[in-house]
Amino acid sequence: METLRLYNSLTRKKDVFTTKEEGKCGMYTCGPTVYHFAHIGNLRSYIMEDVLEKYLRYYGYDVRRVMNITDVGHLSSDADEGEDKMVKGAKRENKTVMDIARFYTDAFFEDCAKLNIKRPDVVEPATNLIPEYIEMVQTLLDKGHAYIADGNVYFDTSTIDKYYVFNDHDEEDLAVGVRDGVEEDTNKKNKADFVLWFTKSKFEDQALKWDSPWGTGYPGWHIECSAISIKHLGEYCDLHCGGIDNAFPHHTNEIAQSEAYLGHEWCRQWFHVLHLNDETGKMSKSKGEFLTVSLLESKGYNPIVYRFFCLQSHYRKTLVFSFDALDNAVQAYDKLIARIATLDPEDGAVDEAAMDELRVKFNRSMCNDLNTAMAITALYDVLKAKINGATKLALIEEFDTVLSLDLIKAAGELRKKEAEKYADENPEVLALVEERTAAKKAKDYARADEIRDILKEKGITLKDTPAGVEIIHE
Ligand code: AMP
Ligand code: ZN
């Protein structure tokens, strides 16, 4: 098997993928903040992480994937300022924070299902593990990595030597808290320090609060991912994923607090998906009408075509969304399905040697930092190859366990639709059409032409399309 290499944001190069325990992979994914629907940008990240997970399984890893649901503590700035996103969502809809969380968590997994994104093995809402956060914060205080200032508990970034792992900026650029219109938090000893536990919230209406040794309050945003990962994957996480905006400060802070807490290296491999932007720039949930899976559906798009659109690009390149680009993906997808629909599973026996040969490009592409676009071209190679239909279908089905593009299912549906289209057709005509197809395949073009002429006399013309023969009555 090809060696699997993935770009690692931590080392800033493509690394050979390894795990702590051979054959097993503990994978952590930063889940959604459930204050609104996911936009298709968020879902780009989850599609690419889903392909990664499925490829790891295909490669032979026993994957355990864990995802949090941020239902508390994510302020509207990635630093520690701004309004709480959950409280904002609840106010907007005149509901409780927990109602909002439940509704948008369900909506998120419904969108995922439409995009063939598998549900992670463990899904943990942040509000489930408050005692674990308290234990972690207390340990960080005991070890001297945290301090209390004006009621809040802060992580002291000056106590560790490897803080700025995910950013290429210098310290001045990291002036966390000094963005326009935001007051700098004067409690912090160092600019990059971050809150582990809030008791002094600026928001009187903070909905969810819990007792803690430092007073009634709520956790900072970053602590949830460290605690949830450690609880479900143990002291070592093999692979941590998220969108690129999570790299700093969220993942940087996760590493800082996890390693300070554990006293050893925590996660070696970091996978970040670049953003999907719309033509005006950044995609955002705070803009009025934003792009959701439901919006695509309401415009008549099959959500799987959006998945196909994402897989046609590399996850480490920013992708620009437009409806024109999606229309191109629709055309390419429909053509692909039409070609698969013409394959006959009864055509020959599966040829294992041919499968081995045609698998090489697929694996080489996926092992080269998850090059899904190249892996899709391996699908076209299968279609073009001089092998029987049964072997082609077996390979397509196998690749689709990773790509999840409904290739076999959609081709089956198309075939059924085609069959229904000719349900009322004269059986004699259908028999002739079938005979002509067989004659063409056997290179008996004389007979094929003869049949075409017989039908022409009956006022019927035949049109060869990628999906098969179309019967047209004059
Ligand atoms: P959120 O719901 O804001 O916590 O984000 C959920 C996930 O989507 C995170 O992994 C983000 O990094 C990711 N994300 C946010 N915006 C985009 C975008 N425009 N394109 C791709 N991923 C994004
Ligand atoms: Zn996270």
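Here the structure is shown first, and the text comes after it.
Calculation notes
- All residue numbers here refer to positions counted from 1 along the written sequence of the relevant chain.
- A letter from A marks each chain and a number from 1 marks each ligand, given out in the order of writing.
- Reporting of local features is limited, given that this is a predicted model, to residues whose pLDDT is at least 70; pairs of side-chain atoms are given and counted only at 80 or more, and all residues count toward the totals for whole chains, interfaces and linings.
- Note that water and hydrogens are dropped before the side-chain values are worked out from all heavy atoms of the structure.
- What makes two strands pair is DSSP finding at least two bridges between them.
- The secondary structure listing takes helices from DSSP runs of H or I that are at least 4 residues long and strands from runs of E that are at least 2 residues long, numbered from the N terminus.
- Here the term donor refers to an N, O or S atom within 2.8 Å of the metal (or 3.2 Å for Na, K and Ca), and because water is left out of the atoms, sites may appear incomplete.
- The rule is simple: four donors are tetrahedral if all their angles sit between 85 and 135 degrees, four are square planar and six octahedral if opposite donors span more than 155 degrees and the others lie between 65 and 115, and anything that fits none of that is irregular.
- Whether a residue is near a molecule or strand depends on its heavy atoms: if one lies within 4 Å, it is near.
- For this analysis, a polar contact is any N or O atom pair within 3.5 Å, provided that within protein one partner can donate a hydrogen and the other can accept it, and provided that sequence-adjacent residues contribute only side-chain to side-chain pairs.
- Method for areas: the Shrake-Rupley scheme with a 1.4 Å probe, in which residue coverage is limited to the protein chains shown.
- Throughout this entry, Asp, Glu, Lys and Arg are counted as charged residues, while Ala, Val, Leu, Ile, Met, Phe, Trp, Tyr, Cys and Pro are counted as nonpolar. The remaining residues, Gly among them, count as polar.
- A fitted line through C-alpha atoms represents every axis, and for helices the fit uses only the stretch in contact; the resulting angles, taken between N-to-C directions, go from 0 to 180 degrees.
- In this scheme, a crossing is called left-handed if the near helix is turned counterclockwise away from the far one by less than a right angle; it is called right-handed if the turn is clockwise.
- Only heavy atoms enter the contact rule, under which two residues are in contact if any of them lie within 4.5 Å.
- Exposure classes here rest on a 1.4 Å probe applied to the protein chains alone. A residue is buried below 20% of its type maximum, exposed above 50%, and partly exposed in between.
- Put simply, a disulfide is two cysteine sulfurs that come within 2.5 Å.
- Working rule for angles: under 35 degrees goes down as roughly parallel, over 145 as roughly antiparallel, 65 to 115 as roughly perpendicular, anything else as oblique.
- Two aromatic rings, drawn from Phe, Tyr or Trp (for Trp, its six-membered ring), form a pair once their centres lie within 6.5 Å of each other, and the interplanar angle then sorts them: stacked below 30 degrees, edge-to-face above 60, tilted otherwise.
- Working rule: Lys NZ or Arg CZ, within 6 Å of ring centre, within 35 degrees of ring normal, means a charge sits over the ring.
- Here the expected span of a helix is defined as 1.5 Å times the quantity of residues minus one.

Let's talk about the pairing of strand 2 (residues 13-16)
Part 1: Pairing of strand 1 (residues 5-8) with strand 2 involves 4 bridges; the strand directions are antiparallel. Looking across to strand 2, one finds that Tyr7 is bridged to Lys14.
Part 2: What sits between strand 1 and strand 2 in their antiparallel hairpin is a turn of 4 residues, with Arg12 showing a positive phi close to 60°.

Here we look at the coordination of the zinc ion (ligand 2)
Part 1: Cys30 (SG), Cys225 (SG), His250 (NE2) and Glu254 (OE) make up the full set of protein donors to the zinc ion (ligand 2), lying at 2.0 to 2.8 Å.
Part 2: What the 4 donor atoms of the zinc ion (ligand 2) show is an angle range of 70 to 130° at the metal, which sorts the shape as irregular.
Part 3: Mapped onto the sequence, the donors of the zinc ion (ligand 2) take the spacing C-x194-C-x24-H-x3-E. With His250 and Glu254 both in helix 6 (residues 247-262) and 4 residues apart, this pair spans about one turn of that helix.

As for the site of ligand 1
Part 1: Around ligand 1 sit 16 residues in total, of which Thr33, Gly41, Ser45, Asp245 and Leu276 are the nearest.
Part 2: Here a nitrogen atom of ligand 1 sits 2.8 Å away from a polar atom, N or O, in the side chain of Ser45.
Part 3: A distance of 3.2 Å is found between an oxygen atom of ligand 1 and a side-chain nitrogen or oxygen belonging to Asn246.
Part 4: Contact with the protein chains covers 95% of the free accessible surface of ligand 1, which is 490 Å².
Part 5: It is helix 1 (residues 40-59) that provides the largest number of residues to the shell around ligand 1, a total of 4 residues.
Part 6: A breakdown of the residues in the shell around ligand 1 according to their chemical character gives 4 nonpolar, 10 polar and 2 charged.

Thoughts on the packing of helix 9 (residues 323-341) against helix 11 (residues 372-384)
Part 1: Where helix 9 contacts helix 11, the axes come no closer than 11 Å and their chain directions differ by 35°. Here helix 9 runs over helix 11; the crossing is left-handed. Judged by residue contacts, Ala332, Leu336, Arg339 and Ile340 of helix 9 engage Leu379, Tyr380, Leu383 and Lys384 from helix 11.
Part 2: For the contact of helix 9 with helix 11, the per-class residue count stands at 6 nonpolar, no polar and 2 charged.

Topic: helix 2 (residues 85-93)
Part 1: Lys85, Met86, Val87, Gly89 and Ala90 are the residues of helix 2 that are buried.
Part 2: Residue Asn94 follows helix 2 closely and has a positive phi angle near 60°.

Let's talk about the state of the cysteines
Part 1: Scanning all chains against the criterion turns up 0 disulfides.
Part 2: Cys267 forms no disulfide, and the closest cysteine sulfur to it belongs to Cys237, at a distance of 3.9 Å.
Part 3: Not part of a disulfide, Cys367 finds its nearest cysteine sulfur in Cys25, a span of 14 Å.

A word on the packing of helix 1 against helix 10 (residues 352-367)
Part 1: Where helix 1 meets helix 10, the closest approach of the two axes is 11 Å, and the angle between their N-to-C directions is 125°. What the angle tells us is that helix 1 and helix 10 run oblique. In this structure, helix 1 crosses over helix 10, and the sense of that crossing is left-handed. Residue-level contacts link Val51, Tyr55, Tyr58 and Tyr59 of helix 1 to Arg359, Phe362, Asn363, Met366 and Cys367 of helix 10.
Part 2: Classifying every residue of the contact of helix 1 with helix 10 by side-chain character gives 7 nonpolar, 1 polar and 1 charged.

A closer look at the sheet that holds strand 13 (residues 281-282)
Part 1: Overall, mixed pairing links the 3 strands, which are arranged 13-12-14 in an open sheet. Only two strands of the sheet have a single neighbouring strand rather than two, namely strand 13 and strand 14 (319-320).
Part 2: Both strand 12 (residues 276-278) and strand 13 contribute to a ladder of 2 bridges, which runs antiparallel. In the sheet register, Asp278 faces strand 13, and the bridge partner there is Gly281.

Considering the packing of aromatic side chains
Here a ring pair, both rings aromatic, is described through the centre-centre distance and the interplanar angle of the planes.
Part 1: Under the criterion given, the structure shown has 24 aromatic pairs.
Part 2: On the numbers, 5.9 Å between centres and 85° between planes, the contact of Phe309 with Phe321 is edge-to-face. Residue Phe309 is located in helix 8 (residues 303-311), and its partner Phe321 is located in the loop between strand 14 and helix 9; the two are separated by 12 residues in the primary sequence. Across this residue pair, the class does not change: Phe309 and Phe321 are buried.
Part 3: Aromatic rings pair up to connect Phe17, Tyr55, Tyr58, Tyr59, Tyr61, Phe362 and Phe399 into one cluster.
Part 4: The side chain of Lys20 reaches across the aromatic face of Tyr236, ending 4.1 Å from its centre.
Part 5: Positioned above the aromatic ring of Tyr147, the side-chain terminus of Lys189 is 4.3 Å from the ring centre.

Brief notes about the environment of Tyr380
Part 1: Along the chain, Tyr380 turns up in helix 11.
Part 2: Linking Tyr380 and Asp351, residues 29 residues apart in sequence, is a C-alpha distance of 18 Å.
Part 3: Once you skip the residues sitting within four places of it in the chain, Tyr380 turns out to touch Phe308, Ala332, Leu336 and Arg339.

So, the sheet that holds strand 8 (residues 194-198)
Part 1: What the 4 strands build is an open sheet, ordered 6-7-8-9; its pairing is antiparallel. Only two strands of the sheet have a single partner each, and these edge strands are strand 6 (146-149) and strand 9 (218-219).
Part 2: With 3 bridges connecting them, strand 7 (residues 152-155) and strand 8 associate as antiparallel partners. Bridging from a neighbouring strand, Tyr154 pairs with Val195 of strand 8.

Quick word on helix 9
Part 1: A rise of 1.5 Å per residue sets the reference length of helix 9, with its 19 residues, at 27 Å; its end C-alpha atoms lie 26 Å apart and thus fit the reference within 8%.
Part 2: Every buried residue of helix 9 is accounted for by Leu326, Ala329, Tyr333, Leu336, Ile337, Ala338, Ile340 and Ala341.
Part 3: Tucked into the core, helix 9 has its buried residues touching helix 7 (293-298), helix 8, helix 11, helix 12 (389-403) and helix 13 (407-421).

Here's the deal with unusual backbone geometry
Part 1: Cis geometry marks the peptide bond from Phe248 to Pro249, where omega comes out at 0°.
Part 2: Tracing the chain through its elements places Pro249 in helix 6.
Part 3: Notably, Asp369 is not glycine yet its phi reads approximately 55°, a positive angle.
Part 4: With respect to the secondary-structure elements, Asp369 resides in the loop between helix 10 and helix 11.

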